[in-house]
Amino acid sequence: MTSVNQAAQEAVPPADIIFSVKSPPSASCVVMVSRGILADEPPSLDPVQSFSQEAVDAGRVLYLQSRPEAWSDAFSLDVPSGLGAPLKGVHVELEVLPTAIPLEVQNFSVPMGGSLTLAPPLLRVTGPYFPSPPGLSLQVLEPPWHGALQKEDGPQARTLSAFSWREVEEQLIRYVHDGSETLTDSFVLMTDTSEMDRQSHPVAFTVTVLPVNDQPPVLTTNTDLQVRVFLAPSPMSASRKRPASPTSQHRAPPV
């Protein structure tokens, strides 16, 4: 914090200029490097509420970030002694520059043998410091196992080993599944930029492959089918077999 805090006055040694933390930072804390008692004991980082200009000049006062998603922070200091009239509410604003490019990705799904364009929000660079640098590129660390990364107007016989962020924004890069009977696929990307000497951590895409029923319908003939036919007697056959009534058989002849 040497470049942040610098107070000086003639005839006042740096050890007598004391900074007091009035409002602490919200996304971090102010710590001081404390040397161990023993020579081989590692130093420790201890939160502090006050520190001297001498400690700042020695590089022992640090801003230790605890929330990686925070891109800015602020805190205020009082200088109650060492400079005569106290200084109150010295406002310190900080902009946090990440050490790695914050590349975020989302998993996606495609039908078997289908394709999908790799464009935001499937992959995006967050934060205010990497909006779209011209030199930002993406390296394919692990290509897809069951597909390929291809450019819309490029050769389709092989997968890409690298492509630019501008091509992503122009929606020229796509994932193409090879049509195999697989349910998942994956590949790993990393982005870097030569202009800012930064790169992202490797990030992995997981692809869910949706099965497609592309088989034609098959008609199966059942040759073992047996049919039993039951014939009911007709009314005429029943009337022919009906016996004569007793009255008609013993009727007396007319006199």
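For the structure itself, look to the data block above.
The shown structure was predicted, so the numbers you read here are calculated from the model rather than taken from an experiment.

Asker: Explain the side chain of S76 to me, please; I cannot follow it from the model alone.
Answerer: In this fold, S76 is placed in strand β6 (residues 72-81). Taking relative accessible area as the criterion, S76 reaches 9% and is therefore assigned buried. Among all residues touching S76, those that are not within four sequence positions of it are S20, V21, K22, S23, V90 and H91.

Asker: Help me understand the pairing of strand β18 (residues 203-210), please; the structure alone is not making it clear to me.
Answerer: Consecutive side chains along a regular strand alternate between the two faces of the sheet. Only one face of β18 is buried, namely the one carrying V203, F205, V207 and V209, since none of A204, T206, T208 and L210 on the opposite face is buried. Pairing of strand β16 (residues 184-193) with β18, which is carried by six bridges, proceeds in the antiparallel orientation. Across the sheet, V188 pairs through a bridge with A204, a residue of β18.

Asker: Would you mind going over the sheet that holds strand β3 (residues 44-47) with me for this structure?
Answerer: In a beta sheet, neighbouring strands pair by backbone hydrogen bonds and run either parallel or antiparallel. One open sheet holds the three strands; their spatial order is β3-β2-β5, and the pairing between them is antiparallel. Strand pairing shows two members of the sheet lacking a second neighbour, β3 and β5 (61-65), which therefore form its edges. With direction set aside, neighbouring strand axes in the sheet form an average angle of 45 degrees. In the sheet, strand β2 (residues 28-34) pairs with β5 via five bridges, with the strands oriented antiparallel. If you follow V31 over to β5, its bridge partner there is L62.

Parameters and conventions
- Residues numbered from 1 in each chain as written.
- Predicted model: local features only at pLDDT ≥ 70, side-chain atom pairs only at ≥ 80, totals over all residues.
- Heavy atoms only, no water.
- Helix = DSSP H or I, 4+ residues; strand = E, 2+ residues; numbered from the N terminus.
- Buried < 20%, exposed > 50% of the residue type's maximum accessible area, 1.4 Å probe, protein only.
- Contact = heavy atoms within 4.5 Å.
- Pairing = 2+ DSSP bridges.
- Axes fitted to C-alpha atoms, helices over the stretch in contact; angles between N-to-C directions.

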